[in-house]
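# Coordinates in review
Here is what each chain is made of, one letter per residue.
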Amino acid sequence: MNLTPMMKQYTEIKKEYPDAILFFHLGDFYEMFLEDARKAAPVLEVTLTSRDAGKLGRIPMCGVPCHSAAGYIARLVNHGFKVAICEQLEDTANAKGLVKRGVTRVVTPGTFFEGLPQDQGRNNYIICVAPASAGSYGLAAADVGTGDFTATEFSGPGARERLYDEVFRLQPAEAVLPEGAKELAGLVKAAAPAAIGFYPETFFQAGRAAEALAGYRKEGDWPRAQMESALHCENADERGKGCSRESVSLFTEYGAAAAAAGALAAYLRETQKRDLAHMKAVSFYTPGGYMLLDAATRRNLELTRSLQDGGRRGTLLEVLDFTCTGMGGRRLRDWLEQPLLSPAAIERRLDAVAVLVEDQALREALRSGLKKVGDLERLAGRLAYGMANARDLLTLKDSLREAARLKEVLARHSTGKSGGDYRQGGNSGEPFHVEGQGNYSSLSAGCLLHEVRERFADLADVVSLIDGAIAPEPPAVLNEGGLIRDGYSAEVDRLRAVRRDGRGYIAGLEAKERERTGIKSLKVGYNRVFGYYIEVTKANLSLVPPDYQRRQTLAYAERFITPELKDYEEMVLGAEERLNALEYELFHAVREEVAGAIDRILRTARAAGEIDALQSLAMAAVRGNYTRPQVNDGGAIMIKDGRHPVVERFLGPGGFVPNDTALDGTARRVAIITGPNMAGKSTYMRQVALIVLMAQMGSFVPAAEAVIGVVDRILTRVGAGDNLTAGQSTFMVEMNECRTILSGATRNSLIVMDEVGRGTSTYDGMSIARAIIEYIATHIGAKTLFSTHYHELTDLDRLGGVFNLTVAVREDPAGIAFLYRVLPGKADKSYGIQVAELAGLPPQVLERAREILTELETRHSARSGAGQWATAVQLEMFPRPEEHPVIRKIAELEVESLAPLDALNLLAEYKAAVSGAKRRRRGKRGGR
Ligand code: ADP
Ligand code: MG
């Protein structure tokens, strides 16, 4: 026996999609067969049945109802499966023989935007990575829900690390890699919980990129020339932050980026199988245009995810996010994750934020408008996928109308008030206000707000189209009518009138028939099988007139029809059927027409998102009492009364003790910060990093005054004691991150190292910490904050550019109190026992600890014959850097090129050398 014709069709289609679960449309169900059914049934929690398939005998199958397919697809996709949707391509009623079927879309984890919460404040990315020769990588990322499409590349030393950092930033849902790129899969998996897919290597070639990119939107829609010009940055703001060149030709200059973008376009085309009209032109960015933030630093500074639970609570994003729209939320996150480097670009954003800080009326007007703007980017996505229902169109209409009002609000304010008002009004005490900015009028030409305003597209045609066509309260489904507004189509109106008349007649029938027959309990009803009927209870059957025809007998009653009722029924139902079909058709036409405006909608969405992000920063500034930083290329960081934006919120008003910071590229480069545990060292260092980052993203900052010389990178390392990330041994993690810092930092970087060396024994740790500080001070010259509980390290201030800070505590007989004041100078001791006392350790333990400490201190000072134990150890270990062989070796180390394992081995060797020497010396002493 042969395969049944349908199974033949099935296996042919399935052959094309071996790695996806095939949803085979059969009547009201999507059926899965064979292996697919076996894999999917347990995930979907549906019963596995079987079906006769000709020569294959009975084969396993399972199915899900079409109308609730979305939920099932979501489940499979969340389990990392792809789902190929195979539809019936013709009406079953008209088909001769087997219905034609074909796959209309392959849903993958990175393209299943329907499954996301609406207004989700972050993008859902699918990425492609294209490895190129000489260890460089192209990376492309797209969000099919919002239409974002970007590409970049990494080359030279550290390319892998930077790729990792960028993947970490994007947190893609899916990554598509060339077949066989196992190692790359490992890298991606380590950076993000992405589903990994492999795609033939041939798609990852720069040579094919142009073709793929031109083809992924409607054929011929996007010729190569246009494509290249699309690679210009969209606007000046973008130029300042994202692109190092005014225009780049992706194809010639950035082969790896082009290869990745090409592969991604081909993949999208193959899986989505539709014109992706809502996708924006690929925007190429060089991460060099942004401050570099490696994965560890993003984590440590808790920019968007807290260390505690990965949530938003306790993050910088939470403090700054006053956005009112989905696109504004994503924009703000972008800015936070990609701080700018160019002072001019930063100042442009700051100018706009300043206007919105000063002008409360403008800010409030924008905010209340924005709150009524839906997620236009996601709506555009739904439009492009033909998924928008009538309610979506209404949301779109209302949103576009509000967006147009936003534009008006911006326009009114640009002409209504003169710049002078802003300068004099309100916080004239702010030190860095618009002083010296010349003709600073609120929205004068050149101002970012003005420019964004110009980018709002005119969409009045779309608004009036939807307004005129779509009913005010349409149902969510499209096949039940009720979609089209009265007055839009004469035929719809006519059919509705017919239906209304029929219904009116039937509604009046009950009273009429009760009167005629004298049956008080007579009822007119409707059911799906029998249509309209007249119901008479058994007790009253004798009164039924002869023109009633029996249709149905129930236990307590009989149901009848009359020829007249049947006529009206036909009228109502016929009209309804035609109405539903006609409304559906009209709706489609309207949706198509609206989809033609996707480009304009997206442009408006972006503009609204930018306004939203700007007002959010302004709002945060007002709420947090922030000031405008001065941003320049000067290389110094001067902060007066700086605060930690997140901690101060937890402590409430007045609870946070502000502190100053003065770092520069010369005499005050490396600050060693000592002080007891819990004194506020970590908080202080992070606060400096966050203030710098906020300034460079264009935000006001929590300080009384701030002058920020832009930094090219912020690099942080948090000691193992504070580190909450699991996985590798903490000391190994610590050393890995140190290597990143020492190899990645430049003169213009800001380094924050918190208690480095804690993950190993005291001497090891202290040696490493010391060596690192020396290396930074003498080789790198980066601005550095280095906290340590090894107060022995404070003597490093003899190196040029190194100075000491300490966090003040007050000590009196009752114990110590934390003052949280950062002052010049060093801590003379660790206050460990005092902190233990604060923590409430039993008095006996504290007593004994004091005894031991005294004993240790006296023993050491006796042995070395001079001074403190601290100096003793230090002199013993570090006679003079150039004399001790281990120190010499450390100084000569090429830390950049050192593999972590080698570092550990060397460390062990140095340790052995040092402790061996000590033992020998001690031995000699003992023999004396
Ligand atoms: P350290 O790193 O020195 O051990 P932390 O920076 O972790 O100390 O600070 C410990 C706690 O002290 C913080 O959780 C915070 O509650 C409080 N704290 C830190 N800095 C300040 C400050 N400037 N003003 C008020 N409280 C602070
Ligand atoms: Mg700390």
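Residues numbered from 1 in each chain as written. Chains lettered and ligands numbered in written order. Predicted model: local features only at pLDDT ≥ 70, side-chain atom pairs only at ≥ 80, totals over all residues. Heavy atoms only, no water.

### Some points on the overall build of the protein chain
Cut-off, in case you're wondering: Think of it this way: any DSSP run of H or I at least four residues long counts as a helix, any run of E at least two long counts as a strand, and we number them from the N terminus. Per-residue accessibility, obtained with a 1.4 Å probe over protein chains only, is compared with the maximum for each type, and a residue is labelled buried under 20%, exposed over 50%, and partly exposed between these values. The contact rule is simple, with two residues in contact once any of their heavy atoms fall within 4.5 Å. Using a 1.4 Å probe, the Shrake-Rupley method yields the accessible areas, and only the shown protein chains count as cover for residues.
Helix and strand counts for the protein chain stand at 32 helices and 27 strands. Of all 928 residues assigned to the protein chain, the portion counted as buried reaches 54%. Relative to all contacts within the protein chain whose residues are 6 or more apart in sequence, the contacts with residues 24 or more apart total 69%. When the accessible area of the protein chain is evaluated, it comes to approximately 40,100 Å², of which 52% is carbon and sulfur surface.

### Topic: the pattern of salt bridges
Put simply, the rule is: In the sections that follow, a salt bridge refers to a side-chain nitrogen of Lys or Arg positioned within 4 Å of a carboxyl oxygen of Asp or Glu.
Tallied over the full model, the rule gives 47 salt bridges. Put simply, Arg160 and Glu183 hold a salt bridge, and the shortest N to O gap is 3.8 Å. Separated by 23 residues along the polypeptide, Arg160 in helix α4 (residues 159-170) and Glu183 in helix α5 (residues 182-191) bring together distant segments of the chain. Residue classification places Arg160 among the partly exposed positions, given a relative accessible area of 30%. By relative accessible area, which is 58% here, Glu183 ends up exposed. The partner of Arg455 in a salt bridge is Glu610, with the nearest N and O atoms 3.4 Å apart. Taken together, the positions of Arg455 in helix α19 (residues 448-455) and Glu610 in helix α23 (residues 598-624) put the pair 155 residues apart, joining distant regions of the chain.

### Topic: the side chain of Arg496
Residue placement: Arg496 occurs in helix α21 (residues 490-517). Taking relative accessible area as the criterion, Arg496 reaches 11% and is therefore assigned buried. If near-sequence neighbours (up to four positions away) are discounted, Arg496 is found in contact with Gly482, Leu483, Ile484, Arg485, Asp486, Leu579 and Glu583.

### With respect to the site of ligand 1
To keep it simple, the criterion reads: Each residue is tested against the molecule or strand, and it is near if at least one of its non-hydrogen atoms lies within 4 Å. Polar contacts, as counted here, are pairs of nitrogen or oxygen atoms within 3.5 Å of one another; within protein the pair requires one atom able to donate a hydrogen and one able to accept it, and residues that are adjacent in sequence qualify only if both atoms are side-chain atoms. Residue classes follow a fixed rule: Ala, Val, Leu, Ile, Met, Phe, Trp, Tyr, Cys and Pro count as nonpolar, while Asp, Glu, Lys and Arg count as charged, and any other residue, Gly among them, counts as polar.
In the neighbourhood of ligand 1, 13 residues make up the surrounding shell, with Val657, Met678, Lys681, Ser682 and Thr683 lying closest. Between ligand 1 and Ala679, the relevant distance is 3.2 Å, taken from an oxygen atom to a main-chain nitrogen or oxygen of the residue. Here an oxygen atom of ligand 1 sits 3.0 Å away from a polar atom, N or O, in the main chain of Gly680. Across the complex, the protein chains shield 81% of the 560 Å² of accessible surface that ligand 1 would expose by itself. It is helix α25 (residues 681-697) that contributes the most residues to the shell around ligand 1, 3 residues altogether. Residues of the shell around ligand 1, tallied by class, amount to 7 nonpolar, 5 polar and 1 charged.

### Focus: the sheet that holds strand β3 (residues 49-52)
Our working definition: The pairing criterion for strands is at least two bridges between them, as found by DSSP. Axis angles are defined between N-to-C directions and span 0 to 180 degrees, where every axis is a line fitted to C-alpha atoms and, for a helix, only to the segment in contact.
Strands sit in the order β3-β4-β2-β1-β5-β6 across an open sheet of 6 strands; the sheet is mixed. Bordering the open sheet on either side are β3 and β6 (101-107), each of which pairs with just one other strand. Between one strand and the next, the sheet's axes are offset by a mean angle of 40 degrees, whatever the strand orientation. Relative to strand β5 (residues 82-88), strand β1 (residues 20-26) is paired through 5 bridges, and the arrangement is parallel. Considered in β5, the bridge of Ile21 is made with Val83. This element, helix α3 (residues 69-78), spans β1, β2 (29-33), β4 (58-65), β5 and β6 of the sheet and lies at about 150 degrees to β5.

### As for empty space enclosed by the protein
To find the voids left in a structure, one rolls a probe of water-molecule size over its atoms. Note the following rule: In this analysis, the protein atoms alone were mapped onto a 1 Å grid. Cavities are point sets where a 1.4 Å probe fits without being able to get out; pockets are open sets with protein on both sides within 12 Å along at least five of seven lines; lining residues have an atom within 4 Å of a point. Grid points are joined across faces, edges and corners, and a volume is the space filled by probe spheres set on the points.
Tallied over the full model, the rule gives 3 cavities of 30 Å³ or more. Reported here for the largest cavity is a volume of approximately 130 Å³. Every element with two or more residues in the lining of the largest cavity is listed here: α4 and β13 (292-293). In terms of residue count, α4 provides more of the lining of the largest cavity than any other element does, 4 residues in total.

### Topic: the packing of helix α13 (residues 326-337) against α23
Rule in force here: Crossing handedness follows the turn of the near helix against the far one: under a right angle anticlockwise gives a left-handed crossing, and clockwise gives a right-handed one.
Close contact between α13 and α23 brings their axes to 7 Å; oriented N to C, the two are set at 65 degrees. For the pair α13 and α23, the sense of crossing is right-handed. Across the interface between the two elements, Met327, Gly328, Gly329, Arg331, Leu332 and Trp335 from α13 touch Ala605, Arg606, Ala608, Gly609, Glu610, Asp612, Ala613, Leu614, Ser616 and Leu617 from α23. Split by residue class, the contact of α13 with α23 holds 8 nonpolar, 4 polar and 4 charged.

### So, the sheet that holds strand β24 (residues 750-754)
Two strands in a sheet stick together by hydrogen bonds in their backbones, pointing the same way (parallel) or opposite ways (antiparallel). With mixed pairing, 7 strands are arranged side by side in an open sheet as β13-β23-β24-β25-β21-β26-β27. Edge positions in the sheet fall to β13 and β27 (815-824), since each has one partner strand and no second. Sheet topology places β24 next to strand β25 (residues 783-787); 5 bridges connect them, and they run parallel. By the bridge assignment for β25, Leu750 is matched with Lys783. Taken strand by strand, α25 contacts β13, β21 (670-674), β23 (713-718), β24, β25, β26 (802-812) and β27, and its axis lies near 160 degrees from that of β24.

### Regarding helix α26 (residues 730-744)
Put simply, the test is: A helix's residues, less one, multiplied by 1.5 Å, set its expected span.
Taking 1.5 Å per residue as the helical rise, α26 with its 15 residues ought to reach 21 Å, and the 21 Å between its terminal C-alpha atoms agrees with that figure. Phe731, Met732, Val733, Glu734, Met735, Asn736, Glu737, Cys738, Ile741, Leu742 and Gly744 are the residues of α26 that are buried.

### Some points on the layout of surface pockets
Taken as a whole, the largest pocket spans an internal volume of roughly 1,800 Å³. Around the largest pocket sit 45 residues that line it, and Glu87, Tyr385, Gly386, Met387 and Arg591 are the ones nearest its centre. Listed by contribution, the elements that provide at least two residues to the lining of the largest pocket are α3, β5, β6, α16 (376-384), α22 (563-595) and α23. Considering every element that reaches the lining of the largest pocket, the biggest residue donor is α22, with 5 residues. Residue classes in the lining of the largest pocket are distributed as 20 nonpolar, 11 polar and 14 charged.

### Regarding the environment of Gly518
Residue position: Gly518 is located in the loop between α21 and β14 (523-527). Separated by 26 residues in sequence, Gly518 and Val544 place their C-alpha atoms 9.3 Å apart. Ignoring anything within four residues of it in the chain, the contact list for Gly518 reads Glu513 and Leu543.

### Quick notes on the nonpolar core
Which entries qualify depends on this criterion: As used in this record, nonpolar core signifies buried Ala, Val, Leu, Ile, Met, Phe, Trp, Tyr and Cys residues forming a set joined through side-chain atoms within 4.5 Å.
Among the nonpolar cores identified, the biggest contains 115 residues, and Leu320, Leu393, Leu396, Val594 and Ile714 are the most heavily contacted of them. Looking at which element gives the most residues to this core, the answer is α23, with 14 residues. Setting aside anything within four residues of it in sequence, one finds Ile714 in contact with Met291, Leu292, Leu293, Asp294, Thr297, Leu301, Ala689, Val692, Leu693 and Leu750.

### Concerning the environment of Phe656
Looking at where Phe656 falls in the secondary structure, it is placed in the loop between α24 (647-651) and β20 (659-663). Placed 14 residues apart in sequence, Phe656 and Gly642 show a C-alpha to C-alpha distance of 9.9 Å. Other than its neighbours up to four places away in sequence, Phe656 contacts Gly642, Arg643, His644, Val647, Glu648, Leu651, Thr683 and Gln687.

### Observations concerning the pairing of β3
The pairing of β3 with β4 spans 4 bridges and is antiparallel. Within the sheet, the bridge partner assigned to Ser50 lies in β4 and is Pro60. Hairpin connection between β3 and β4: a loop of 5 residues separates the two successive antiparallel strands, and Gly54 in this loop has a positive phi of roughly 70 degrees.

### Observations regarding the pairing of β6
Counting buried positions along β6 gives 6 out of 7 residues, so the element sits mostly inside the fold. In this sheet, β6 lies alongside β5 in antiparallel orientation, the contact comprising 6 bridges. Residue pairing for β6: Ala84 is matched across the bridge by Val106.

### Digging into the packing of α21 against α22
We apply this condition: Angles are sorted into four bins: roughly parallel if under 35 degrees, roughly antiparallel if over 145, roughly perpendicular if 65 to 115, and oblique for all others.
Packing of α21 against α22 brings their axes to within 8 Å, and their N-to-C directions diverge by 150 degrees. Judged by the inter-axis angle, α21 sits roughly antiparallel to α22. As for the relative orientation of α21 and α22, their crossing is left-handed in sense.

### Considering the packing of aromatic side chains
Here is the rule we go by: Pairing of aromatic side chains here covers Phe, Tyr and the six-membered ring of Trp, requires ring centres within 6.5 Å, and sorts the geometry by plane angle: under 30 degrees stacked, over 60 edge-to-face, intermediate tilted. Here, a charge over a ring is recorded when the distance from Lys NZ or Arg CZ to the ring centre is within 6 Å and its angle to the ring normal is within 35 degrees.
Under the criterion given, the structure shown has 11 aromatic pairs. Plain terms: the ring middles of Phe23 and Tyr30 are 5.5 Å apart, the flat faces sit at 40 degrees to each other, and that makes the pair tilted. According to the relative accessible area criterion, Phe23 is buried, its value standing at 0%. A residue is classified by how much of its surface remains accessible, and Tyr30, at 8% relative accessible area, is buried. Aromatic side chains Tyr526 and Tyr532 sit 4.7 Å apart centroid to centroid with 55 degrees between the ring planes, which places their arrangement in the tilted category. Taken together, Tyr199, Phe203, Phe204 and Tyr267 form an aromatic cluster joined through their ring pairs. The ring centre of Trp335 lies 3.9 Å from the NZ or CZ of Arg349, which sits over that ring. Cation over ring: Arg559 sits above Tyr533, and NZ or CZ is 4.1 Å from the ring centre.

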